[in-house]
Amino acid sequence: MNSEAYSTEEFEAKYTYSGNDLGATWSPDATAFRVWAPTARAVKVRLYRGGTAGVDDLLEQVDMTADVCGTWVARKSGDLNGVYYTYLVDLGSAVNEACDPYARTTGVNGQRAMVIDLASTNPKNWHKDADPHAGQDFTDAVIYELHVRDLSCDESAGIRDKGKFLGLIQRGTTNGSGIPTGLDHMKALGITHLHLLPSYDYGSVDEAHPEANQFNWGYDPLNFNVPEGSYATDPFHGEVRVREMKQMVKGLHDNGISVVMDVVYNHVYDGGSFCFNRIVPQYFSRVDGSGTYSNGSGCGNDTASERSMVRKYIVDSVKYWADEYHIDGFRFDLVGLLDVQTINAIMEEVRKTHPNVVFYGEGWDMSTRVTKPNIPMAIQANSPMTPGFAYFNDTLRDLLRGTVFDDRAPGFVSGAAGYEDTLRQCFLGLPHWCKSPAQTVNYGSCHDNMALFDRIVVSTPNATRAEQIRMNNLSAAICMTCQGIPFMQAGEEMLRSKPRADGSFEHNSYCSPDSVNSLKWDCLNGQEYRDVLAYYQGLIAFRKAHKALRMTTAEEVSANIRCIPGSTPGLVEFLISGSDIAGEPSEALYVAFNAGREARQLQLPEGKWEVCVNERQAGTKALATVEGSVTVAPISALVLTKERPDTDGKKVKLVGAMLGGVAAAAVTIGGTVAAIKRKHK
Ligand code: CA
């Protein structure tokens, strides 16, 4: 069948199945199978003793019966928990054996699905497990992006289950000098959400040889509903990866950390061999009339999210991770390749039962061959069409450290002029493409491109190391005080670096070895690194203590934040009125960022101000009290607070008086077109 026909109304009307029983549904007495294969002439279920493809251990082949909406069904009596299976699909032109797209787990390397009694994999008290940040606003989150291997693989981590899900939840680990590592480190840092790079089953690592210490980011999906086998202590028995990933989620929740999963629905490892496309040829992917795959992803294929059964598949998959694994958030890779309707359908469905799940993604505008005309994609510019879904703010990233297209270009923190107005927009949580601070994810580093400190080093050859560290900390202070959702790559808080053997720095470490990618905990033996870590801890604590940094609407922002007029290059200042827990205006914040090499004198609004963040320290305690004017040191942030208790010890409103004397600065709306990045593969 020509793939163009899949997108006709006739096909969709006839073959859209809406039931929730696709895949293998286990019970102690029997297992029911249902697969969507509308173009097949016949389908069988092949039952195997083991999970390794190519091993001759077929138990039985069961004929399936054509059922409603292009689905096929079979029922096998007995307890099939632990039995592996595939579908054998007769398409007339070919007979394909395929893993089940709805597989709940698989054998090694994801070629055979396994029937599983999911309840038997639940950790103790799983029914009581919940998102530790339920009920909070998305802007209250502090997101920490981590690859599963990176936390534990270096010897200095002192962690037992190196490179495994379980390595993320070991308590009491230290480096050789007794300094906390791993989970204890993340907890002490104060993050709210741990964002894990792809942790579903991907194809680029051979799970059969874990001793080879292979590394890959995992942006090459194989089985979307199955944990990655190389992160389990045993990749050969399908129940182990399920059990251990649930243990990881539970362990993180028990330590106050919510879990976000990086999901890569926009493409698959290989379009031709992806199980869905082996069952319904080219249905899952965008292809042209001659069968050529669209390649906006740069990874060889783009997912046809606009087709009804692909949309259903993605919605079902996200909901499954939220339901079965208690995942608290989803980061969508290259979400600009998925259509707006699919993203909204996902959020609507998941939030019916998980109202606090967070959603964000890379909304770059990429060229892709959509199967129907005029379908809006989930790109930054369409953010008003996806309320509740946030987008990575590359406008801020590029202004902080310099354009992504030139590793040697400096940004605001590294001394480049001309970014002041764009920074003012970003501080308000309203970059030119965004209408709500709850839709912008603010960051100075992520897994892509150079680590922040490497980038600063490369782009400031004439700066001292002390100055470069100040640039790093200024970037962090901006990210942690901007309106929006702060996000950072793991290790940024200890000057993470990805050095190559030749002394240069890796800017695409997707398949670099652990020696490049892993966190190096021994760096914390040095005072310089411990000082940076303490600064990040202080910034996070300060952000958590001030709701005024975490507004949720543009209206709140415009009512409470003023950009202080000024034309000094490298200097921007803001005055924020804040609210207490009851929502009453109760305090004011004065925030200044000075990227210049000179100290600057600032005139403060009347009253006594407490310094909480300066060039050396950050936190919730006052470092000094100032009045009238104050000096902001070179290459640093300065954050001041002001509260005024009345005679009863309660805070009094001072917003009107505070803001009355300060004119709002005009914020230029403009900026650059979102950068389209090419990554991995
Ligand atoms: Ca795998």
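Keep in mind that this is a model prediction, so the values were computed, not measured.

Novice: What is the right way to look at the overall build of the protein in this model?
Specialist: Broken down by element type, the protein carries 15 helices and 25 strands. A globule of 681 residues ought to have a C-alpha radius of gyration of about 26 Å, and the protein, at 26 Å, matches this closely. Taken over the C-alpha atoms alone, the protein extends approximately 85 × 55 × 55 Å along its principal axes. Across the 681 residues that make up the protein, the buried fraction comes to 61%.

Novice: How should I be thinking about the side chain of S199 in this particular structure?
Specialist: Relative to the elements of secondary structure, S199 occurs in the loop between β11 (193-196) and β12 (200-202). You can call S199 buried: its relative accessible area is 0%. Aside from chain neighbours lying at most four places away, what touches S199 is V148, F165, V226, P227, E228, Y231, M245 and M261.

Novice: Looking at this structure, I do not really get helix α7 (residues 340-353). What am I missing?
Specialist: Residue pairs spaced three or four apart in an α-helix point in one direction, given the helix's 3.6 residues per turn. Taken residue by residue, α7 has V340, T342, I343, I346, M347 and V350 as its buried positions. Within α7, the buried residues cover an arc of 165 degrees as seen down the axis, which keeps them to one side. What points out from α7, more than 90 degrees from its buried face, is the exposed set Q341, E348 and K352. Buried residues along α7 sit against α6 (308-325), β15 (329-332), β16 (358-361) and β17 (389-392).

Novice: Looking at this structure, how should I read the sheet that holds β15?
Specialist: Backbone hydrogen bonds are what pair the strands of a sheet, in a parallel or an antiparallel way. A barrel is described by the order of its strands in space; here eight strands give the closed sequence β10-β11-β14-β15-β16-β17-β18-β19, paired in parallel fashion. Shown here is a sheet whose adjacent strand axes are inclined to one another by a mean of 30 degrees, direction ignored. Pairing between strand β10 (residues 143-146) and β11: four bridges, direction parallel. When the sheet's bridge partners are listed, E145 is paired in β11 with H195.

Novice: It is not clear to me how the sheet that holds strand β5 (residues 65-66) should be interpreted in this structure. Could you clarify?
Specialist: The four strands are arranged β1-β2-β6-β5 in an open sheet whose pairing can be described as antiparallel. Strands at the two margins of the open sheet, each flanked by one partner only, are β1 (23-26) and β5.

Novice: Looking at this structure, I do not really get the packing of aromatic side chains. What am I missing?
Specialist: Each pair of aromatic rings is reported with the distance of its centres and the angle of its planes. Enumeration according to the criterion identifies 41 aromatic pairs in this entry. Seen from their ring centres, F224 and Y265 are 5.0 Å apart, and the 25 degrees between their planes marks the pair as stacked. With a gap of 41 residues between them, F224 in strand β13 (residues 221-227) and Y265 in the loop between β14 (258-263) and α5 (275-279) connect regions that are remote in the sequence. Each member of the pair, F224 as well as Y265, carries the same accessibility label: buried. Each ring, one from F427 and one from F574, has its centre 3.8 Å from the other, and the planes form 15 degrees; the classification is stacked.

Novice: Looking at this structure, how should I read the coordination of the calcium ion?
Specialist: When four donors bind a metal tetrahedrally, each ideal donor-metal-donor angle is 109.5 degrees, and when six bind octahedrally, the ideal angles are 90 or 180 degrees. The calcium ion binds to the protein through D201 (OD), Y202 (O), E207 (OE) and E228 (OE); the donor distances cover 2.2 to 2.4 Å. Sequence spacing of the donor residues for the calcium ion, all on one chain, is D-Y-x4-E-x20-E. Judged by its relative accessible area of 2%, Y202 is buried. When its relative accessible area of 1% is taken as the criterion, E207 is described as buried.

Novice: What's the story with the packing of α6 against α7 in this structure? I'm lost.
Specialist: For any two helices packed against each other, one specifies the crossing angle of their axes together with the interaxial distance. Interaxial distance between α6 and α7 falls to 9 Å at its minimum, and their mutual angle equals 30 degrees. It follows that α6 is roughly parallel to α7 by the angle criterion. α6 and α7 meet at a crossing whose hand is right-handed. On the side of α6, the interface is formed by R311, I314, V315, V318, K319, A322 and D323, while α7 contributes Q341, T342, A345, I346, E349, V350 and T353. Partitioning the contact of α6 with α7 into residue classes produces seven nonpolar, three polar and four charged.

Novice: Looking at this structure, I do not really get the environment of R455. What am I missing?
Specialist: Along the polypeptide, R455 turns up in helix α10 (residues 452-459). Sequence separation between R455 and D407 is 48 residues; the distance between their C-alpha atoms is 6.5 Å. Within polar-contact distance, the side chain of R455 engages the backbone oxygen of D406 at 2.8 Å.

Novice: Explain unusual backbone geometry to me, please; I cannot follow it from the model alone.
Specialist: A negative phi angle characterises most non-glycine residues, just as the trans form characterises most peptide bonds. With a phi close to 65 degrees, N109 is a non-glycine residue in the positive phi region. Mapped onto the fold, N109 is located in the loop between β8 (95-98) and β9 (113-114). Exposure remark for N109: the relative accessible area of 23% places this residue in the partly exposed category.

Basis of the calculations
- Residues numbered from 1 in each chain as written.
- Predicted model: local features only at pLDDT ≥ 70, side-chain atom pairs only at ≥ 80, totals over all residues.
- Heavy atoms only, no water.
- Helix = DSSP H or I, 4+ residues; strand = E, 2+ residues; numbered from the N terminus.
- Rg over C-alpha atoms; globule rule 2.2 N^0.38 Å.
- Buried < 20%, exposed > 50% of the residue type's maximum accessible area, 1.4 Å probe, protein only.
- Contact = heavy atoms within 4.5 Å.
- Arc of directions from axis to C-beta.
- Pairing = 2+ DSSP bridges.
- Axes fitted to C-alpha atoms, helices over the stretch in contact; angles between N-to-C directions.
- Phe/Tyr/Trp six-rings, centres within 6.5 Å; stacked < 30°, edge-to-face > 60°.
- Donors = N, O, S within 2.8 Å, 3.2 Å for Na, K, Ca; no water.
- Parallel < 35°, antiparallel > 145°, perpendicular 65-115°, else oblique.
- Left-handed = near helix turned anticlockwise from the far one by under 90°.
- Nonpolar A, V, L, I, M, F, W, Y, C, P; charged D, E, K, R; others polar.
- Polar contact = N/O pair within 3.5 Å; in protein donor to acceptor, adjacent residues only side chain to side chain.

By themselves these figures say nothing about function.
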